[in-house]
Amino acid sequence: MAKNTILTFSILIFLFFLSTFMANAIPGGRTKLKNVETDKEVQALGSYSVDEYNQLQSSHKTGAGDLKFSKVIAAETQVVAGTKYYLKIEAFTKSGVVKVFDAEVVVQPWKHSKKLLDFKPSPIIIIITIIKVDPGL
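Throughout what follows, the structure given in this document is the object of discussion. (Residues numbered from 1 in each chain as written. Predicted model: local features only at pLDDT ≥ 70, side-chain atom pairs only at ≥ 80, totals over all residues. Heavy atoms only, no water.)

### With respect to helix α2 (residues 40-59)
For the record, the criterion: The helix count covers DSSP runs of H or I at least four residues long, the strand count covers runs of E at least two residues long, and both are numbered beginning at the N terminus. Take the residue count of a helix, subtract one, and multiply by 1.5 Å to get its expected span. Only protein chains enter the accessibility calculation, which uses a 1.4 Å probe. A residue is then buried if its area is under 20% of the maximum for its type, exposed if over 50%, and partly exposed in between. Note on contacts: a residue pair qualifies if any of its non-hydrogen atoms lie within 4.5 Å across the two residues. Within 3.5 Å is the distance limit for a polar contact, defined as a pair of N or O atoms, with the added protein rule that one can donate a hydrogen and the other accept it, and that residues adjacent in sequence qualify only through two side-chain atoms.
Counted at 1.5 Å a residue, the expected span for α2 with its 20 residues is 28 Å, and the 28 Å between its end C-alpha atoms agrees. Those residues of α2 that fall on the buried side of the exposure criterion are Val-42, Gln-43, Leu-45, Gly-46, Tyr-48, Ser-49, Val-50, Tyr-53, Asn-54 and Gln-57. In this fold, the buried residues of α2 make contact with β2 (68-80), β3 (82-92), β4 (98-108) and β5 (113-121). The N-terminus of α2 is capped by Asp-39, whose side-chain oxygen sits 3.1 Å from the backbone nitrogen of Glu-41.

Given below as structure tokens:
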């Protein structure tokens, strides 16, 4: 009886770890990238996204394509027919205001291609900073 309990428990533990591993490796699922600000490839894709957006805007004569790339502040990837990048990009407007944009780029290395699919202002995120004040001051 004890052997059956141990075997059942071992199988359950194995299945738990297997399901946890599979949840993190689901084909087509998004994966958050770490160390984005030091990843040269991701930063280059951010710069590419801003350049493509500026080019598209100038071709439409809207005058809204005057952004200057600053940095990618967050990124996720998704395996598709290539790799799809979801980028959160910080850029400066012509007047020097910093804004955040969301971009989607698909890269297909075997075709030597990358394509900007979407570029739009990011929803406003309010960050509250709590400052601890030293009562002795």
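On we go.
### With respect to unusual backbone geometry
Even without being a glycine, Asn-35 presents a positive backbone phi close to 55°. With respect to the helices and strands, Asn-35 occurs in the loop between β1 (30-32) and α2. Overall, Asn-35 belongs to the exposed group, its relative accessible area being 62%. With phi around 55°, His-112 is a residue other than glycine that occupies positive phi space.

### Some points on the pairing of β3
Short version of the rule: For two strands to pair, DSSP has to find at least two bridges joining them.
Most of β3 sits out of view: eight of its eleven residues are buried. Where β3 and β4 come together, ten bridges link them in antiparallel fashion. Each residue of the ladder has a partner; that of Lys-84, found in β4, is Val-106.

### Looking at the packing of aromatic side chains
For clarity, the cut-off: Here a Phe, Tyr or Trp ring, Trp counted by its six-membered ring, pairs with any other such ring whose centre lies within 6.5 Å, and the pair is stacked when the planes are under 30 degrees apart, edge-to-face when over 60, and tilted otherwise.
Per the stated rule, a full pass over the model turns up three aromatic pairs. Summarising the aromatic geometry, the rings of Tyr-53 and Phe-101 are spaced 6.5 Å apart at their centres and angled 35° between planes, so their arrangement reads as tilted. Linking Tyr-53 in helix α2 with Phe-101 in strand β4, this pair joins segments that are 48 residues apart in sequence. Given the relative accessible area of 15%, Tyr-53 is considered buried. Since its relative accessible area comes to 6%, Phe-101 is described here as buried. Pairing Phe-101 with Phe-119 gives two aromatic rings, centres 5.1 Å apart and planes at 25°, and the pair type is stacked.

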